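# Secondary and tertiary structure notes
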Amino acid sequence: MMPLERVKPLLGQAAARLRGAGCDTPDLDARLLLQWATGLSREELILDPDHSVTDEQARRFAAAVARREAREPVSRIMGEREFHGRVFSVTPDTLDPRPDTETLVETALALMPKAGRLLELGAGTGAVAVTILAERPQALGVATDVSAAALAVAAENASRHGVLDRLSLLEGDWFKPVTGVFEIIVSNPPYIPAPDIAGLSPDVRCFDPRLALDGGKDGLDAYRAIALGAAAHLVSGGHVVVEIGAGQGPQVVAMFAVAGFRPAGQFRDLGGHVRCLAFRGNEN
Ligand SMILES: C[S@@+](CC[C@H](N)C(=O)[O-])C[C@H]1O[C@@H](n2cnc3c(N)ncnc32)[C@H](O)[C@@H]1O
């Protein structure tokens, strides 16, 4: 029988392998994967470095570290990700929700009335719409996506967080499946220029769905569609909030101006970058 392995050397060896594979946060990744493989908490790992893991836990951890060495993100290996304080299922059909997108959520929460109607375009895991509805118990929402597989994950996450009865999930291209008007429209659309996708890190390029990344030739296709369609689905004086990529602000502002929207603020992520733009629709 093999001697049982202890958490401290397991963590050290795994972090060294992940560092060698070019992972940005090898110690954190190793710890999260060991917690996942063993069910131990962060505190248990720190306070009891000599704790032994079972053979099965060690095998599960070794397999997870091998996947991370091949640059699969930790959240995809674990099948879930924490976003704005809640845990969301993530699958190969969904974008892995990013902490930066919490800026979109915060902006929407600040702008929408308590019992407002929310439309999200491009739901993915549903992290954005589900979080907003969970934080606003009187609000109602609709979320769309062209990916039926992503919508199934969004439904699971909506159910997990108790908002499925207030969220309609519709399959289709941007506004096509949508009827009615909303106080707020939000979107974190695909915004990577297609020619740039090949240069993204393997964690993103190989594991996020292309549909969630590819914003067309200049990265701005989705904003064109959203700016053109938003007025027909917004109440008088309602807001549109979109996440943007680096340097896209001026072009996105110009598109919304042509469609009759006034800028209502730009909001920075934790790294200090302008991450989302808000626009106010006409008051009739
Ligand atoms: C960047 S991901 C955002 C996912 C999620 N809202 C988030 O922030 O984590 C963009 C989403 O838009 C969806 N999408 C791409 N093209 C679309 C289209 N034409 N109409 C509706 N949704 C689309 C993708 O399937 C993907 O789920």
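Just so you know, these numbers come straight off a predicted model, no measurement behind them.

### Comments concerning a negative patch on the surface
Negative charge collects at one region of the surface, where E43, E44, D48 and D50 lie side by side. According to the relative accessible area criterion, D50 is exposed, its value standing at 51%.

### Things to note about the domain arrangement of the chain
As assigned here, the chain comprises domain 1 (5–70) and domain 2 (85–280). In this structure, domain 1 and domain 2 have C-alpha centres spaced 34 Å apart.

### Side note on the side chain of S187
Of note, S187 is situated in strand β8 (residues 182–187). In this structure the side chain of S187 is engaged in a polar contact, spanning 2.8 Å, whose partner is the backbone oxygen of L121. Aside from chain neighbours lying at most four places away, what touches S187 is L104, L121, W174, I226, V241, V242 and E243.

### Here we look at the site of the ligand
Around the ligand, a shell composed of 18 residues is seen, among which G122, D145, D173, W174 and N188 lie nearest. Separating a nitrogen atom of the ligand from a side-chain N or O atom of E120 is a distance of 2.9 Å. With respect to the ligand, the backbone of G122 contributes an N or O atom lying 2.8 Å from a nitrogen atom. Bound to the protein, the ligand loses 95% of the 600 Å² it would expose on its own. Here the residues of the shell around the ligand sort into 10 nonpolar, five polar and three charged.

### Here's the deal with the sheet that holds β8
Here seven strands make up an open sheet; going across it, the order is β7-β6-β5-β8-β9-β11-β10 and the pairing mixed. Because the sheet does not close on itself, it has two edges, and the strands there are β7 (167–171) and β10 (262–268). Averaged over all adjacent pairs, the angle separating strand axes in this sheet is 15°, with direction ignored. Together, β6 (140–145) and β7 form the strand contacts of helix α8 (residues 148–160), whose direction differs from that of β7 by roughly 170°.

### Remarks on the packing of helix α1 (residues 7–20) against helix α2 (residues 26–38)
At a closest axis distance of 8 Å, the pairing of α1 and α2 adopts a crossing angle of 130°. Between α1 and α2, the crossing angle belongs to the class labelled oblique. Handedness of the α1/α2 crossing: right-handed. Where α1 abuts α2, its residues V7, L10, L11, A14, A15, L18 and R19 lie against P26, D27, D29, A30, R31 and L34. Looking at the contact of α1 with α2, its residues break down into nine nonpolar, no polar and four charged.

### Brief notes about the packing of aromatic side chains
By the definition in use, this model includes three aromatic pairs. Seen from their ring centres, F256 and F261 are 5.6 Å apart, and the 75° between their planes marks the pair as edge-to-face. The class of F256 is buried, set by a relative accessible area of 0%. Relative to F279, the ring of F256 has its centre 4.2 Å away and its plane inclined at 5°; by these criteria the two rings are stacked. Of this pair, F256 sits in helix α12 (residues 249–258) while F279 is found in strand β11 (residues 274–280), placing the two residues 23 residues apart along the sequence.

### Focus: unusual backbone geometry
One non-glycine residue, R71, lies in positive phi territory at about 75°. For R71, the location among the structural elements is in the loop between α4 (55–69) and α5 (74–78). Given the relative accessible area of 16%, R71 is considered buried.

### Section: the state of the cysteines
Under the definition given, this model contains zero disulfides. Cysteine C23 is unpaired, with the sulfur of C206 as its nearest cysteine sulfur at 13 Å.

Conventions and cut-offs
Residues numbered from 1 in each chain as written. Predicted model: local features only at pLDDT ≥ 70, side-chain atom pairs only at ≥ 80, totals over all residues. Heavy atoms only, no water. Patch = residues over 30% accessible without salt bridge, like charges linked within 9 Å, V, L, I, M, F, W, Y side chains within 5 Å. Areas by Shrake-Rupley, 256 points an atom, 1.4 Å probe, with all protein chains shown as cover. Salt bridge = Lys/Arg side-chain N within 4 Å of Asp/Glu carboxyl O. Lys, Arg positive; Asp, Glu negative; His and termini not counted. Charge placed at Lys NZ, Arg CZ, Asp CG, Glu CD. Buried < 20%, exposed > 50% of the residue type's maximum accessible area, 1.4 Å probe, protein only. Domains from an automatic or database assignment. Helix = DSSP H or I, 4+ residues; strand = E, 2+ residues; numbered from the N terminus. Polar contact = N/O pair within 3.5 Å; in protein donor to acceptor, adjacent residues only side chain to side chain. Contact = heavy atoms within 4.5 Å. Near = heavy atom within 4 Å. Nonpolar A, V, L, I, M, F, W, Y, C, P; charged D, E, K, R; others polar. Pairing = 2+ DSSP bridges. Axes fitted to C-alpha atoms, helices over the stretch in contact; angles between N-to-C directions. Parallel < 35°, antiparallel > 145°, perpendicular 65-115°, else oblique. Left-handed = near helix turned anticlockwise from the far one by under 90°. Phe/Tyr/Trp six-rings, centres within 6.5 Å; stacked < 30°, edge-to-face > 60°. Disulfide = S-S within 2.5 Å.

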